[in-house]
Amino acid sequence: MTSRVNVEMQYLLALSDLSAEYVNHSGAKAANEAQMLRAGFPVPDGFVLTTDAFATFLAENHIAPASSPEPEIVFGGMIPAEILDALHVGITLLGNGSLAVRSSSVAEDLPGASFAGQYETVLNVKDKEELETAVRRCWASVFNEHVVAYRKRQRLEVSPMAVLIQKMVPADASGVAFTANPVSGMRDEVVINAVRGLGERLVSGEASPDEWVVRDGDAHCQQAPEEAISTEQACIIAEMARRVEEHFGTPQDIEWAITDEQLYLLQARPITTLPEASSQPVEMIPIPVDIPPGYWTRNASHQPQPTTPMNRSVFGKYVRAAAMQMFDAFGLLIEGVDVKNIGGWEYLRMIPFGGKEGPALPSWMMWLLVRLVPGIRKRIQQSVKAIRSDKAGFFMQRWYAEWQDELATRIVELQDVDLERLSDRELADHLDEAERLFRRAMEIRGPHHVSEAIILYEFVSTCEELLGWDEQQSFELVNGTSFKSTEPARRLNELAQMAQANPAVRTLIEDASRVRTGHLSEVDAEFAAAFEDYMLEYGRRALRYEVGDPTLLETPSLVLDLIRGQLSQGYDPDSIADELAQRRSVAEASARTVLGGRPGDLARFERLLERARDAYPVREDSEVLCVSAPLALIRYALLRVGDRLVDLGVIERRADVFFLEINEARSAFSNGGDARALIRKRQGERAWAEAHPGPPFYGPEPANPPSLDFLPSEARLAMEAMMWYFDLDEETGHTKQSGPVMSGTAVSQGEYTGPVRVIMHEGEFHKLQPGDVLVCPTTSPVWSVLFPSIGALVTDTGAMLSHPAIIAREYRVPAVVATGNATELLKDGQIVTVNGSAGTIYVNV
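For clarity, every value in this text was computed on a predicted model and none was experimentally measured.

## Describing the overall build of the chain
In terms of regular secondary structure, the chain is built from 26 helices and 23 strands. Long-range pairs, those at least 24 residues apart, make up 70% of the contacts in the chain between residues at least 6 apart in sequence. Carbon and sulfur atoms form 51% of the exposed surface of the chain, whose accessible area is close to 34800 Å².

## Some words on the packing of helix α15 (residues 483-501) against helix α18 (residues 525-538)
As a packed pair, α15 and α18 sit with axes 10 Å apart at the nearest point and diverge in direction by 170 degrees. Relative to α18, the element α15 lies roughly antiparallel. Where α15 abuts α18, its residues E487, P488, R491, L492, L495, M498 and A499 lie against E526, F527, A530, F531, Y534, E537 and Y538. Across the contact of α15 with α18, the residue classes break down as 10 nonpolar, no polar and four charged.

## Here's the deal with the packing of α18 against helix α19 (residues 556-569)
Look at α18 against α19: their axes get within 12 Å of each other, and the N-to-C directions meet at 110 degrees. One finds that α18 runs roughly perpendicular with respect to α19. The handedness of the crossing between α18 and α19 is right-handed. Contact with α18, carried on its side by F527, F531, Y534 and M535, involves P556, V559, L560 and I563 of α19 and no other residues of that element. Taken together, the residues of the contact of α18 with α19 sort by class into eight nonpolar, no polar and no charged.

## As for the sheet that holds strand β13 (residues 334-342)
Across the sheet, four strands lie side by side as β13-β14-β12-β15; this open sheet has antiparallel pairing. Two strands bound the open sheet, and with one partner strand each, they are β13 and β15 (697-698). In the sheet, strand β12 (residues 296-298) pairs with β15 via two bridges, with the strands oriented antiparallel. Bridge assignment links W296 to a residue of β15, and that residue is Y698. Across the sheet, helix α9 (residues 309-329) lies against β13 and β14 (345-352), angled at about 165 degrees from β13, the strand it touches most.

## Side note on α18
With 14 residues, α18 extends 20 Å between its outermost C-alpha atoms, agreeing within 8% with the 20 Å of an ideal straight helix rising 1.5 Å per residue. Within α18 the residues assigned to the buried category are F527, A528, F531, Y534, M535 and Y538. The buried residues of α18 all sit within an arc of 120 degrees when viewed along its axis, so they share a single face. Away from its buried face, by an angle of more than 90 degrees, α18 presents the exposed residues A525 and E526.

## As for the sheet that holds strand β5 (residues 161-167)
Taken in spatial order, the five strands of this open sheet run β1-β2-β5-β3-β4, and their pairing is antiparallel. Across the chains shown, the open sheet's two edge strands, defined by having one partner strand only, are β1 (12-14) and β4 (121-125). The mean inter-strand angle of the sheet, taken between neighbouring strand axes irrespective of direction, is 20 degrees. The pairing of strand β3 (residues 99-105) with β5 spans seven bridges and is classified as antiparallel.

## Focus on a negative patch on the surface
Side chains of D172, E232, D260 and E261 sit close together on the surface and give a patch of like negative charge. By secondary structure assignment, the location of E261 is in the loop between β10 (252-259) and β11 (262-270).

## Remarks on the environment of M742
Mapped onto the elements of the fold, M742 is located in strand β16 (residues 741-743). Judged by relative accessible area, which is 1%, M742 ranks as buried. For M742 and G839, which are 97 residues apart along the polypeptide, the C-alpha to C-alpha distance reads 8.5 Å.

## A short note on the packing of aromatic side chains
Taken as a whole, this structure holds 14 aromatic pairs when the rule is applied. On the numbers, 5.0 Å between centres and 45 degrees between planes, the contact of Y347 with Y698 is tilted. With Y347 in strand β14 and Y698 in strand β15, this residue pair connects regions lying 351 residues apart in the sequence. Residue Y698 is classed as buried on the basis of its relative accessible area, which comes to 13%.

## Remarks on the pattern of salt bridges
Side chains bearing opposite charge may pair, as long as their charged atoms lie close to each other. Under the defined criterion, the tally for this structure stands at 40 salt bridges. With a shortest N-O distance of 2.7 Å, R676 and D674 are connected by a salt bridge. Close ionic contact of E685 with K681 constitutes a salt bridge, the shortest N to O distance being 2.6 Å. Separated by four residues within a single helix, E685 and K681 lie in helix α23 (residues 676-691), roughly one turn from each other. With relative accessibility at 40%, the residue K681 sits in the partly exposed group. Here the salt bridges share partners, and the residues they tie into one network are R410, E413, E433 and R436.

## Details of the side chain of R644
Within the secondary structure layout, R644 lies in helix α21 (residues 599-648). Filtering out sequence-adjacent residues up to four positions away, R644 remains in contact with L419, E420, L422, S423, D424, L427 and F669.

## Thoughts on unusual backbone geometry
At D390, a residue that is not glycine, the phi angle is positive and equals roughly 55 degrees. The residue D390 is located in the loop between α11 (374-388) and α12 (391-415) in this model. Taking relative accessible area as the criterion, D390 reaches 29% and is therefore assigned partly exposed. You will see that R812, though not glycine, has its phi angle at about 60 degrees, which is positive. Mapped onto the fold, R812 is located in the loop between α25 (803-811) and β21 (815-817). Judged by its relative accessible area of 32%, R812 falls in the partly exposed class.

## Structural notes on the nonpolar core
Among the nonpolar cores identified, the biggest contains 153 residues, and F459 and I563 are the most heavily contacted of them. The dominant element in this core, judged by the number of residues it contributes, is α21, at 21 residues. The residues touching F459, leaving out its near neighbours within four places in the chain, are S474, L477, V478, F605, L608, L609 and A612. Membership of the second largest hydrophobic core comes to 34 residues, among which are F41, A219, A234 and V244.

## Section: the pairing of β14
Consecutive side chains of a regular strand alternate in pointing toward one face of the sheet and then the other. Where β12 lies against β14, two bridges are found, and the strand directions are antiparallel. Opposite T297, over in β14, you have L348 as the bridge partner. In this structure, β13 lies alongside β14, joined through eight bridges in antiparallel fashion. Note that in β14 the partner of V337 across the bridge is M350. Remark: two residues form the turn of the hairpin made by β13 and β14, two consecutive strands paired antiparallel; G343 in that turn has positive phi of roughly 65 degrees.

## A short note on the side chain of R635
As for its position among the elements, R635 is in helix α21. For R635, the side chain forms a polar contact with the main-chain oxygen of V547, separated by 3.1 Å. Ignoring anything within four residues of it in the chain, the contact list for R635 reads V547, G548, D549, P550, T551, E554 and F658.

## Section: the environment of Q472
Secondary-structure assignment places Q472 in helix α14 (residues 471-475). The buried category is assigned to Q472, whose relative accessible area is 19%. Once residues within four sequence positions are removed from consideration, Q472 is found in contact with A746, V747, Q749, M800 and G836. Within the local environment of Q472, its side chain forms a polar contact with the backbone oxygen of A746, the two atoms lying 3.0 Å apart.

## Structural notes on the confidence of the model for the chain
Here the chain averages 84 in pLDDT, while 87% of its residues score no lower than 70. Low pLDDT, under 50, characterises residues 1-8; the predicted model gives this stretch 24 contacts beyond four residues in sequence or across chains. In this model, residues 729-734 is a region of pLDDT below 50 whose contacts with residues beyond four sequence positions or in other chains number 21 contacts.

## Structural notes on the pairing of strand β19 (residues 773-776)
Here β19 shows a buried face lined by V773 and V775 and a second buried face lined by L774 and C776. Examined bridge by bridge, strand β18 (residues 751-758) and β19 share three bridges and lie parallel to one another. Counterpart to R757 in the pairing with β19 is L774. Across four bridges, the pairing between β19 and strand β20 (residues 792-795) is parallel. Within β20, the position partnered with V775 by the bridge is V794.

What counts, and where the lines are drawn
Counting restarts for each chain, with residues numbered from 1 along the sequence as it is written. Note on the predicted model: pLDDT of at least 70 is required for a residue's local features to be given, and 80 or more for side-chain atom pairs to be given and counted; whole-chain, interface and lining totals, by contrast, use all residues. Hydrogen atoms and water are omitted, and side-chain values are computed over all heavy atoms in the structure. In DSSP terms, a helix is any run of H or I states spanning at least four residues, a strand is any run of E spanning at least two, and both are numbered starting from the N terminus. Contact between two residues is taken to exist if any of their heavy atoms lie within 4.5 Å; hydrogens are not considered. Methods summary: accessible areas were calculated by the Shrake-Rupley approach with a probe of 1.4 Å, and residue burial reflects only the protein chains presented. The angle between two axes is taken between their N-to-C directions and runs from 0 to 180 degrees, where each axis is a line fitted to C-alpha atoms and a helix contributes only its stretch in contact. Angle categories: roughly parallel below 35 degrees, roughly antiparallel above 145, roughly perpendicular from 65 to 115, and oblique for all the rest. Each residue receives one of three labels: charged for Asp, Glu, Lys and Arg, nonpolar for Ala, Val, Leu, Ile, Met, Phe, Trp, Tyr, Cys and Pro, and polar for the others, Gly being one of them. By definition, turning the near helix anticlockwise from the far helix through less than a right angle yields a left-handed crossing, and turning it clockwise yields a right-handed one. Strands were regarded as paired on the criterion that DSSP finds at least two bridges between them. One less than the residue count of a helix, multiplied by 1.5 Å, gives the span that helix is expected to have. A 1.4 Å probe rolled over the protein chains alone gives each residue an accessible area, and that area as a share of the maximum for its type sets the label: buried under 20%, exposed over 50%, partly exposed in between. This arc is taken over the directions from the axis of the helix to the C-beta atoms. In this analysis, a patch consists of residues with relative accessible area above 30% that form no salt bridge, clustered at 9 Å for like charges and at 5 Å for the nonpolar side chains Val, Leu, Ile, Met, Phe, Trp and Tyr. Throughout this description, the term salt bridge denotes a Lys or Arg side-chain nitrogen within 4 Å of a carboxyl oxygen of Asp or Glu. As used throughout, the charge tally considers Lys and Arg to be positive and Asp and Glu to be negative, leaving His and the chain termini uncounted. Note that the charge is assigned to NZ on lysines, CZ on arginines, CG on aspartates and CD on glutamates. Only rings of Phe, Tyr and Trp enter the pairing, Trp through its six-membered ring, and a pair is recorded when the two centres are within 6.5 Å. The plane angle decides the type: under 30 degrees is stacked, over 60 is edge-to-face, the rest tilted. By convention a nonpolar core is built from buried Ala, Val, Leu, Ile, Met, Phe, Trp, Tyr and Cys residues, the set being connected through side-chain atoms within 4.5 Å. Two N or O atoms form a polar contact when they lie within 3.5 Å of each other; inside protein one atom must be a possible hydrogen donor and the other a possible acceptor, and for residues adjacent in sequence the pair counts only when both atoms belong to side chains. Residue-level confidence of the predictor is summarised by pLDDT, bounded by 0 at the bottom and 100 at the top.

Here you go:
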């Protein structure tokens, strides 16, 4: 089509004739395609059925857009003859061949409201009848349930809808290309994903793509399960992607297809956020995978990504020490937890008492060992004494009466230190103090894990015994009591309400492309001051168990995004708290009704319920004081050290300090010496590890443990509690799955349908849109600030007492955890239905 169609011109526009002023008639997607076509890129020819056609169709069928009609009513409406004539003219001019029919809304690709994956696309349309049906589907998609919900969350009116109709590219291969590495931030790399056939196989998750990196004209294949393209084709794709970037003046994410050696450009969009890039490219350096004896499971629930050398040197050793302390305090027949870095990934091994793994012994032999081996006999006596003296209750009382105040006071003291004013010697001392605080926090947190386990296990077991309740029913009695974990979001809601009351502040925050924290004080000094107070109180916490990752204080734009999300979602913390309190009351009344005629059982239930309501919140609340805040203090000290090492020429960027171990950083700070070569090596090793995830486990899986009947009842209670607690906390979901229905562990009730947003780590938080289904490896407690903005949660790992499960229940967000590989199968923009009661995720196709 080389000229504008004359017949029914108000309804039909040739793609080659579209210019910027036609966007209100063609929609954003078609306007962008036309711009690329005019610039000389190989865009498939096509035409647009304009927004006027959609408006005429609605008027002729007496459909009021604001009434949100059922999609079936829209789909069944009569298409006026003049619109059909225009369609038939367009399809005639395009000639023979299949067509691709895509919705093109005027409101797509807006800041904060992309509508990505929301509207309809129909491929392989072959004739007039199929084209009419495809157009109906695009129009009807404006009123699909998930689109209406998305529009309401964004407080948008029904947008004019055009339909883009192009020649179908019968792709031999297709995929996407990024003109900057979205992981490393390297601007000189083009990253390509490719599959055989249509790109829908990539988008739907049906296929795992080939991965290529092209730098300076050289293409390197990272993996090729599809064998979709050649080295030469990868270079050609990268060259076209670079030209698109040059045309738009910013890094681009493009969609492409190849048929009969001809490359086509299907779509282009800007990459809005990239990490800071090093001045030198990171070359992958293979890591020897040395597998130690024993059974090792990957620590996916706490370290879903390869950890930095700094984190291993700080976090790992204190976790091991805390584990030994907590098992020893309660006389458990477990010696500790061993932590190893295997192939760049963190793995754990439970060390049995005595230190050696072996085949499970029969119960009669365990009975003999308990009585004949002094070490085992002494350990069991410790356990019996711990339970009889209620050591778990004692530790819980110390937390509330002593420990939390001790930690909070010391954290504030160290947070108040002005690091910029410290001398080198004072800064080194401050780093030592921060590390000592973390060690002390781990000493406190270790015994608490066992205390929580024993108290909650005894409570849940009693509910099952006396009431016949399962774990979900039992937790209804304690859900909503973890107030510290929800406090950051509640306080953020106060900021959202301040913004709601001030039109100028709200307008600024809702303009994602313009808002900066510096602008806040220009618009409203009171709001700016409140925002700063919030950041100082809640922003100085590690987002996960990795000292190398930025905190919220370092990413204020993310907090503004979260305020914007709360505004669009209408988050009401009081109503959620009231509903959870009502559920607790109903569950409590039900239990008392059942036990009313059994005074002894009722008294036992009441006592254990009171203990459980003390213990349950500590699971999440103690994490802030014991892990997140102390780890952030170490990070801030190391960043200042990094600044000074840069000045000394020891490292290139201050963040490079996290690729040193803590004693190496101390030594470099004291003695100097160029560490850049060592850092580049470790960055290359990490890049290799990221490209080569380790398996879920190494080594032969241990045999099932023997029955615990040989133990005294008190020691048996302690061991059963720990086994139950680890099962509920650490279920990894190793089973791989595929298909339109996925399953996992149901941990938070409810059902929700919405678009997927895969967030692999904290650096991708910016991708999250209000109402998204958050799909991630796991979450830490600090991720709780995201939950008011999401519609549902899906994780690879987790269980009933894992961090994501508890937080989801506190925010009344439907959640399914322990899916195994949801982050691999689900793709951004896919529409899924998450059933947090049944434990299923249904991919809408």
